[in-house]
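Given next are the chains, with one letter for each unit.
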Amino acid sequence: MMKMSTETFKKSVLVAVGVIESTDGEIFICRRGASQHQANKWEFPGGKVEAGETVAQALARELQEEIGIRVTDCRPFMRIEHDYGDKQVILDIRKVTGFSGEPHGLEGQPSRWVPIAKLHDYDFPAANSPIVDKLQNKCEG
Ligand SMILES: Nc1nc2c([nH]c(=O)n2[C@@H]2O[C@H](COP(=O)(O)OP(=O)(O)OP(=O)(O)O)[C@@H](O)[C@H]2O)c(=O)[nH]1
Ligand SMILES: [Mg+2]
């Protein structure tokens, strides 16, 4: 029988992540804070799914709290499991296909709209590479 190390059971964090696309094909990104995990990297807004929440509910809450929009429609885009060593995450990424309000950093974080072709100019956490790839491969999410 295979010996299971404690590593095998390292707890992972489920994260709801929103890819928000404007009508002219730009994506809204934010910069993480200096004291956060993956400090100062650019990210797609979102955050940890809390107990009793669905991913869609967590996404709606996080996007309201962080960037002040109300999500009216979203669809699954992709799911990524990544082990940072210090932390293991499961990113459940949703394409936000409908929202009201104009996104802006409510927590003092820098934020901007970026054309999809320019996303590779930004330093994202390692887990995000497949997201940028999928967007740039023009897969219809
Ligand atoms: N929001 C977000 N988190 C990401 C992305 N990529 C990625 O690896 N993560 C990781 O997902 C984890 C949780 O996200 P978070 O820090 O936004 O969670 P949160 O909003 O609940 O923050 P908090 O811990 O300050 O309450 C972090 O370890 C972060 O590094 C991304 O594109 N967006
Ligand atoms: Mg967050």
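In what follows, the structure referred to is the one given above.
Residues numbered from 1 in each chain as written. Chains lettered and ligands numbered in written order. Predicted model: local features only at pLDDT ≥ 70, side-chain atom pairs only at ≥ 80, totals over all residues. Heavy atoms only, no water.

Asker: Describe the overall build of the protein, and please don't skip the residues or the numbers.
Answerer: Along the protein, the regular secondary structure elements total 2 helices and 7 strands. For the protein, the N- to C-terminal ordering of α and β elements is β-β-β-β-α-β-β-β-α. For 141 residues, the compact-globule formula gives about 14 Å, and the C-alpha radius of gyration of the protein, at 15 Å, lands near that figure. Once the C-alpha set of the protein is aligned to its principal axes, its extents read approximately 55 × 35 × 30 Å. Across the protein, every contact between residues at least 6 apart in sequence was considered, and the portion connecting residues at least 24 apart equals 66%. For the protein, the exposed surface amounts to about 8100 Å²; the carbon and sulfur share of it is 49%. Of the charged side chains in the protein, 18 are positive and 21 negative; the average position of the first set lies 3 Å away from that of the second. (Helix = DSSP H or I, 4+ residues; strand = E, 2+ residues; numbered from the N terminus. Rg over C-alpha atoms; globule rule 2.2 N^0.38 Å. Contact = heavy atoms within 4.5 Å. Areas by Shrake-Rupley, 256 points an atom, 1.4 Å probe, with all protein chains shown as cover. Lys, Arg positive; Asp, Glu negative; His and termini not counted. Charge placed at Lys NZ, Arg CZ, Asp CG, Glu CD.)

Asker: Explain helix α2 (residues 129–136) residue by residue, including any values.
Answerer: Within an α-helix, residues lying three or four positions from one another point in the same direction, as the helix has 3.6 residues per turn. When α2 is considered as a whole, its buried residues turn out to be Ile131, Val132 and Leu135. Relative to the axis of α2, the buried residues are bounded by an arc of 95° and lie together on one face. Those residues of α2 hidden inside the fold are in contact with β1 (12–20), β2 (26–31), β5 (70–83) and β6 (88–100). (Buried < 20%, exposed > 50% of the residue type's maximum accessible area, 1.4 Å probe, protein only. Arc of directions from axis to C-beta.)

Asker: Describe the sheet that holds β5, naming the residues involved and giving the relevant values.
Answerer: Read from one edge to the other, the open sheet built from 4 strands follows the order β4-β1-β6-β5, with strand pairing classed as mixed. Pairing within the sheet leaves two strands with one partner each, and these edge strands are β4 (46–48) and β5. Each neighbouring strand pair of the sheet contributes to a mean axis angle of 20°, computed without reference to strand direction. Relative to β6, β5 runs antiparallel, the two sharing 12 bridges. Pairing of Val71 across the sheet is with Phe99, part of β6. Relative to the sheet, helix α1 (residues 55–67) contacts β1, β4, β5 and β6, its axis offset from that of β1 by approximately 65°. With respect to the sheet, α2 is in contact with β1, β5 and β6, its orientation differing from that of β5 by roughly 125°. (Pairing = 2+ DSSP bridges. Axes fitted to C-alpha atoms, helices over the stretch in contact; angles between N-to-C directions.)

Asker: Break down the coordination of the magnesium ion (ligand 2) for me, citing the residues and quoting the values.
Answerer: The reference angle at a metal is 109.5 degrees if four donors form a tetrahedron and 90 or 180 degrees if six donors form an octahedron. The protein atoms that coordinate the magnesium ion (ligand 2) are Gly46 (O) and Glu66 (OE), at distances spanning 2.2 Å. Here the residue Gly46 occupies a position in strand β4, and Glu66 occupies one in helix α1, the gap between them amounting to 20 residues. We classify Gly46 as buried; its relative accessible area is 11%. Glu66 sits in the buried class, given a relative accessible area of 9%. (Donors = N, O, S within 2.8 Å, 3.2 Å for Na, K, Ca; no water.)

Asker: Describe in detail the site of ligand 1, supporting the description with residues and values.
Answerer: Lining the immediate surroundings of ligand 1 are 19 residues, of which His37, Phe44, Lys48, Tyr84 and Asn128 lie closest. Here His37 contributes a side-chain N or O atom positioned 2.6 Å from an oxygen atom of ligand 1. Residue Glu43 places a side-chain N or O atom 3.1 Å away from a nitrogen atom belonging to ligand 1. Its free accessible area being 620 Å², ligand 1 has 82% of it covered by the protein chains. Going through the elements one at a time, β4, α1 and β6 are the ones with two or more residues in the shell around ligand 1. At 3 residues, β4 tops the list of elements feeding residues into the shell around ligand 1. Split into classes, the residues belonging to the shell around ligand 1 amount to 7 nonpolar, 6 polar and 6 charged. (Near = heavy atom within 4 Å. Polar contact = N/O pair within 3.5 Å; in protein donor to acceptor, adjacent residues only side chain to side chain. Nonpolar A, V, L, I, M, F, W, Y, C, P; charged D, E, K, R; others polar.)

Read these as geometric descriptors, not functional statements.
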